[in-house]
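# Analysis of the macromolecular model
One-letter residues, chain by chain:
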Amino acid sequence: MRAHVVIIGAGYAGAMAAKRLLRTRSDVTVTVVNPRPHFVQRIRLHQMIAAGYDTTVSFDRALPRAAHRVFGEVTTIEAALGRLTLDDGSVLDYDYLVYAVGSGQSPSTIAGAAEHGFSVSEFEDAVRLESRLSAIDEKAAVCVVGGGLTGVETAAELAEQRSGRITLVTGGIMAPDLSERARSAIVRSLTDLGVDIVTESRVTRLDGSSCELAGGIRVESECTILATEFGVPELARRSGLAVDDLGRLKLDNRLEYPSYPNIVGAGDAVAVGDLSLRMSCQAAIPLGVHAAETILHRLDGSAPRPVVPKFAGRCISLGRRQGVFQRTTRVDEATGMFIAGRAGAFVKERVCSSTTDWAVTPRRSFFYSWT
């Protein structure tokens, strides 16, 4: 009897899970459910909004030919029945489920954010932002809210491509998870690009022409980009499954949901045991492969292996000519070693290219998992 595996989500984790399953066994049926008919290079969305980079990859290249494709949103998981309901009312039964729904921008509490804020967190958000940037003058002021790596990369990319004032505002220090020396290198590069950096300042209100900071200071902005906290879809919580404080599906260290071990997960939308895993393609790719391997072990009647994190570093682009690579420990803690400047940009580009060149698109991907 053929096992039917349904994968919710065709991002880095979901695509890798589909490849691993279908290139290992011929007696499984894989169905991938995704809201859009293409793979998105999410780590390049800041290039898309600044300079029109094509971030899409066709599913003919990103997914195995044998994978069945269903386009839509899953609205409910009925774990006890092994069944999904989609937004068009259709139903999918599964023997195994891979929960890989990804993440997106968390709803902002800033007044006026819903009306005047933009985001670069998902493809549809980036399309809307790209349209806005095209509609305003090339010299118009732009404000990026958020000092994490997404905010830094977005501000740098825009500063390199546009002649107007670019302001980066963060409520704390910029790039807080990097070493002090790597952070200083980023500040120098942003300053050289002409980015105005405002730290330790909270944005309280947006309108169509400015950001208002706590204390009443206003920063001119005809386009405000929110690059603040990421969140995950409500699917697991809505389906009555156990989630953590962020809404991520709670799994054991083999990526199985304890009450229903035929549900496994990978990527940004899962919490794995007591591990602290950063939302990133660096984690999503091996976790996607590992989720598939957990299912393969179950099909073979053997015990799945636990996840053992093997982070290597954090890559930050600062436009097309500068970058920083921050070396980390296997558990993602910053070390004193980093590479900056053109060498950092080279490493960043090679890493970004590798996610599609040897993982997502080739017919014979190099698989690796955290075991």
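Everything here concerns the structure above.
Owing to the predicted nature of the structure, the values given are computational and were not obtained by experimental measurement.

Turning our eyes to something else, we now look at the sheet that holds strand 22 (residues 260-265). In sheet architecture, strand pairing relies on hydrogen bonds along the backbone and comes in two forms, parallel and antiparallel. Within the open sheet, the six strands sit side by side as 5-2-1-9-22-21. Their pairing is mixed. A single partner strand is all that each edge strand has here, and the edge strands are strand 5 (68-71) and strand 21 (256-257). Across two bridges, the pairing between strand 21 and strand 22 is antiparallel. Bridging from a neighbouring strand, Tyr257 pairs with Tyr260 of strand 22. Of the strands in this sheet, strand 1 (3-8), strand 2 (28-34) and strand 9 (96-99) are in contact with helix 1 (residues 12-22), which crosses strand 2 at around 165°. Each of strand 1, strand 2, strand 9, strand 21 and strand 22 is contacted by helix 9 (residues 281-300), which is oriented at about 165° to strand 9, the strand it contacts most.

Next up on the list: a negative patch on the surface. A cluster of acidic residues, Glu73, Asp87, Asp88 and Glu122, forms a negative patch at the surface. Its place among the elements puts Asp87 in the loop between strand 7 (83-86) and strand 8 (91-93).

Another point: the pairing of strand 9. The two faces of strand 9 match: Tyr96 and Val98 on one face and Leu97 and Tyr99 on the other face are all buried. By the bridge criterion, four bridges tie strand 1 to strand 9 in an arrangement that is parallel. Opposite Val5, over in strand 9, you have Tyr96 as the bridge partner. In this sheet, strand 22 lies alongside strand 9 in parallel orientation, the contact comprising three bridges. Across the sheet, the residue bridging to Leu97 is Ile263, located in strand 22.

What follows is about the layout of surface pockets. Within this model, the second largest pocket holds a volume of roughly 220 Å³. Together, 13 residues line the second largest pocket, and Gln105, Ala113, Gly117, Ser119 and Leu226 are the ones closest to its centre. Elements with a minimum of two residues in the lining of the second largest pocket: helix 4 (113-116), strand 11 (117-119) and helix 5 (123-135). With three residues, the single largest contributor to the lining of the second largest pocket is strand 11. Partitioning the lining of the second largest pocket into residue classes produces five nonpolar, six polar and two charged.

Our next topic: unusual backbone geometry. Not every positive phi belongs to a glycine, and Glu200 is a case in point at roughly 55°. Here Glu200 is to be found in the loop between strand 14 (196-198) and strand 15 (203-206). Using a relative accessible area of 54% as the deciding quantity, one classes Glu200 as exposed. Phi angles above zero are rare outside glycine, and Asp332 is one such case at about 80°. Within the secondary structure, Asp332 sits in the loop between strand 25 (322-328) and strand 26 (334-340). A residue is classified by how much of its surface remains accessible, and Asp332, at 10% relative accessible area, is buried.

What follows is about the sheet that holds strand 13 (residues 166-169). Strand order in the open sheet made by the five strands is 11-18-12-13-14, with parallel pairing throughout. Edge positions in the open sheet fall to strand 11 and strand 14, since each of these has one partner strand only. The average undirected angle you get between the axes of adjacent strands in this sheet is 25°. Across three bridges, the pairing between strand 13 and strand 14 is parallel. Residue pairing for strand 14: Leu168 is matched across the bridge by Ile197. Against the sheet, helix 5 contacts strand 11, strand 12 (142-145) and strand 18 (223-226), and its axis sits at roughly 125° relative to strand 11. Sitting on the sheet, helix 6 (residues 149-161) touches strand 12, strand 13 and strand 18, and the angle it makes with strand 13 is about 170°.

What counts, and where the lines are drawn
- Residues numbered from 1 in each chain as written.
- Predicted model: local features only at pLDDT ≥ 70, side-chain atom pairs only at ≥ 80, totals over all residues.
- Heavy atoms only, no water.
- Pairing = 2+ DSSP bridges.
- Helix = DSSP H or I, 4+ residues; strand = E, 2+ residues; numbered from the N terminus.
- Contact = heavy atoms within 4.5 Å.
- Axes fitted to C-alpha atoms, helices over the stretch in contact; angles between N-to-C directions.
- Patch = residues over 30% accessible without salt bridge, like charges linked within 9 Å, V, L, I, M, F, W, Y side chains within 5 Å.
- Areas by Shrake-Rupley, 256 points an atom, 1.4 Å probe, with all protein chains shown as cover.
- Salt bridge = Lys/Arg side-chain N within 4 Å of Asp/Glu carboxyl O.
- Lys, Arg positive; Asp, Glu negative; His and termini not counted.
- Charge placed at Lys NZ, Arg CZ, Asp CG, Glu CD.
- Buried < 20%, exposed > 50% of the residue type's maximum accessible area, 1.4 Å probe, protein only.
- 1 Å grid on protein atoms, 1.4 Å probe; cavity = no way out; pocket = protein on both sides within 12 Å on 5 of 7 lines; lining within 4 Å.
- Points joined across faces, edges and corners; volume = space filled by probe spheres on them.
- Nonpolar A, V, L, I, M, F, W, Y, C, P; charged D, E, K, R; others polar.

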